[in-house]
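Structural description and commentary
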Amino acid sequence: MTDEVKAKLSEYRDSIDNIDAALIYLLSERFKVTEKVGLFKKKYDLPPADPDREQRQITRLRDLAKSAKLDPDFSEQFINFVIEEVIRNHKKIRKS
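In what follows, the accompanying structure is described.

Thresholds, definitions, all that
Residues numbered from 1 in each chain as written. Predicted model: local features only at pLDDT ≥ 70, side-chain atom pairs only at ≥ 80, totals over all residues. Heavy atoms only, no water. Helix = DSSP H or I, 4+ residues; strand = E, 2+ residues; numbered from the N terminus. Expected span 1.5 Å × (residues − 1). Buried < 20%, exposed > 50% of the residue type's maximum accessible area, 1.4 Å probe, protein only. Contact = heavy atoms within 4.5 Å. Polar contact = N/O pair within 3.5 Å; in protein donor to acceptor, adjacent residues only side chain to side chain. Phe/Tyr/Trp six-rings, centres within 6.5 Å; stacked < 30°, edge-to-face > 60°. Core = buried A, V, L, I, M, F, W, Y, C linked by side-chain atoms within 4.5 Å. Salt bridge = Lys/Arg side-chain N within 4 Å of Asp/Glu carboxyl O. Patch = residues over 30% accessible without salt bridge, like charges linked within 9 Å, V, L, I, M, F, W, Y side chains within 5 Å. Areas by Shrake-Rupley, 256 points an atom, 1.4 Å probe, with all protein chains shown as cover. Lys, Arg positive; Asp, Glu negative; His and termini not counted. Charge placed at Lys NZ, Arg CZ, Asp CG, Glu CD.

If you check helix H3 (residues 72-95), its first and last C-alpha atoms are 35 Å apart, about what 24 residues at 1.5 Å a residue would give, namely 34 Å. Every buried residue belonging to H3 is among Pro72, Ser75, Ile79, Val82, Ile83, Val86, Ile87, Asn89, His90 and Ile93, and all of these are buried. Buried residues in H3 make contact with helix H1 (3-43) and helix H2 (51-67). One side-chain oxygen at the N-terminal end of H3 lies 2.9 Å from the backbone nitrogen of Asp73; it belongs to Asp71.

Attention now moves to the packing of aromatic side chains. Here the distance between the centres and the angle between the planes together describe a pair of aromatic rings. By the definition in use, this model includes 2 aromatic pairs. When the centroid spacing of 6.5 Å and the interplanar angle of 25° are considered together, the rings of Phe74 and Phe78 count as stacked. Of the two residues, Phe74 and Phe78 are both situated in helix H3; the distance of 4 residues between them amounts to about one turn of the helix. Look at Phe74 and you get partly exposed, because its relative accessible area is 45%.

Another aspect to go through is the nonpolar core. Residues Ile58, Ile79, Val82, Ile83, Val86 and Ile87 constitute the largest nonpolar core, which totals 6 residues. Among the elements that make up this core, the one with the highest residue count is H3 (5 residues). Sequence-distant contacts of Ile87, that is, excluding residues within four places in its chain, are made with Pro48, Ala49 and Glu54.

This part is about the pattern of salt bridges. Under the counting rule described, the total for this entry stands at 6 salt bridges. Across the pair Arg94 and Asp45 runs a salt bridge whose closest N-O atoms are separated by 2.7 Å. Here the residue Arg94 occupies a position in helix H3, and Asp45 occupies one in the loop between H1 and H2, the gap between them amounting to 49 residues. Judged by relative accessible area, Arg94 falls into the partly exposed class, the value being 33%. Given a relative accessible area of 57%, Asp45 falls into the exposed group.

Attention now moves to a positive patch on the surface. Taken together, the side chains of Arg30, Arg53, Arg56 and Arg60 present a region of like positive charge at the surface. For Arg60, a relative accessible area of 44% corresponds to the partly exposed category.

Next comes the structure, spelled out in structure tokens:
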């Protein structure tokens, strides 16, 4: 591998690393807000899950994925994973 190829690969990887870091920080911020939602739901005795909202989010994110040229199936799998984690956290908050 030439120095030029190594440098370009390193440049791409640096960009990927920066994006990964941004994703982690964004997820952290999202979960801080969903924790507040969980506490709010506990206070007002609301269920941990909201299937109607979840379905609207899935539909909205699938549409966003299409416009961003990202596989909508991947985006749905990703948001389902996040939703499952949020619901798990809300159930934990409810028990505390």
